[in-house]
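Architecture at a glance
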Amino acid sequence: QSSGSSGINAEYGVTEKLGNEREIRHTYTEQLGICMLNAGSDMSSSDYGQALLIMGDYENRIGESEHKMIKQAFIKFVKPFMDAAAKEGAINNERRTLT
């Protein structure tokens with residue numbers, strides 16, 4: 001169900017064009033965190049289970065940061081670059097029309 005970073009970047013672009021809210025997908029880091037939390041809750045009485053709970057929480061936090069980073073990279077770099085490229089394409093089409 002999860003996708004890599006490039007898939008997420010493309011998905012931000014498509015959903016922004018369509019105006020739809022994108023489905024929240026878990027990154028690999030978040031999936032690992034969820035698995036660790038599930039396993040830790042099953043073994044919560046042991047020290048190993050407690051360690052899994054702690055590390056699962058940290059993995060989820062890292063995954064959330066990854067989501068924020070990808071979103072900000074799209075908003076601050078990819079989208080302006082795509083907008084500039086589209087404007088440049090329109091300018092080039094007008095030049096061809098005029099010459």
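Residues numbered from 1 in each chain as written. Predicted model: local features only at pLDDT ≥ 70, side-chain atom pairs only at ≥ 80, totals over all residues. Heavy atoms only, no water.

**Looking at the overall build of the protein**
Scanning the protein for helices and strands turns up three helices and zero strands. Element order for the protein, N to C, with α for helix and β for strand: α-α-α. Buried residues in the protein amount to 23% of all 99 residues. Taking the contacts inside the protein whose residues are at least 6 apart along the sequence as the reference set, 53% of them involve residues at least 24 apart. Carbon and sulfur atoms provide 58% of the accessible area of the protein, an area that totals close to 7300 Å². (Helix = DSSP H or I, 4+ residues; strand = E, 2+ residues; numbered from the N terminus. Buried < 20%, exposed > 50% of the residue type's maximum accessible area, 1.4 Å probe, protein only. Contact = heavy atoms within 4.5 Å. Areas by Shrake-Rupley, 256 points an atom, 1.4 Å probe, with all protein chains shown as cover.)

**What to know about helix α2 (residues 28-42)**
The end-to-end C-alpha separation of α2 is 21 Å, in line with the 21 Å expected for 15 residues at 1.5 Å each. Here α2 has its buried residues at T29, E30, G33, M36 and G40. Angular distribution of buried residues about the axis of α2 spans 120°; they occupy a single face of the element. Seen from the buried face of α2, the exposed residues on the opposite side, beyond 90 degrees, are Y28, C35 and D42. The inward-facing, buried residues of α2 contact α3 (47-98). (Expected span 1.5 Å × (residues − 1). Arc of directions from axis to C-beta.)

**Comments concerning the packing of aromatic side chains**
Under the definition given, this model contains one aromatic pair. Arranged with centres 6.1 Å apart and planes meeting at 15°, the rings of F77 and F81 form a pair that is stacked. Of the two residues, F77 and F81 are both situated in helix α3; the distance of four residues between them amounts to about one turn of the helix. A single burial state applies to F77 and to F81, both of which are exposed. (Phe/Tyr/Trp six-rings, centres within 6.5 Å; stacked < 30°, edge-to-face > 60°.)

**Re the confidence of the model for the protein**
Of the residues in the protein, 77% reach a pLDDT of 70 or more, and the chain-wide mean stands at 82. For the protein, per-element mean pLDDT is lowest for helix α1 (residues 5-18), which scores 57, and highest for α2, which scores 94. (pLDDT = per-residue confidence, 0-100.)

**A word on the side chain of T27**
Examined against the element boundaries, T27 turns out to sit in the loop between α1 and α2. The buried category is assigned to T27, whose relative accessible area is 2%. A polar side-chain atom of T27 sits 3.4 Å from a polar atom in the side chain of E66. (Polar contact = N/O pair within 3.5 Å; in protein donor to acceptor, adjacent residues only side chain to side chain.)

**Topic: the environment of R61**
Counting through the fold element by element, R61 comes out in helix α3. Once the C-alpha coordinates of R61 and G33 are considered, the two residues, 28 residues apart in sequence, prove to be 8.6 Å apart.

**Comments concerning the packing of α2 against α3**
Axis separation between α2 and α3 bottoms out at 7 Å; the angle between their running directions is 160°. Considered as vectors, α2 and α3 are oriented roughly antiparallel to each other. Pair α2 / α3 crosses with left-handed handedness. Looking at the contact of α2 with α3 residue by residue, the class counts come to nine nonpolar, nine polar and five charged. (Axes fitted to C-alpha atoms, helices over the stretch in contact; angles between N-to-C directions. Parallel < 35°, antiparallel > 145°, perpendicular 65-115°, else oblique. Left-handed = near helix turned anticlockwise from the far one by under 90°. Nonpolar A, V, L, I, M, F, W, Y, C, P; charged D, E, K, R; others polar.)

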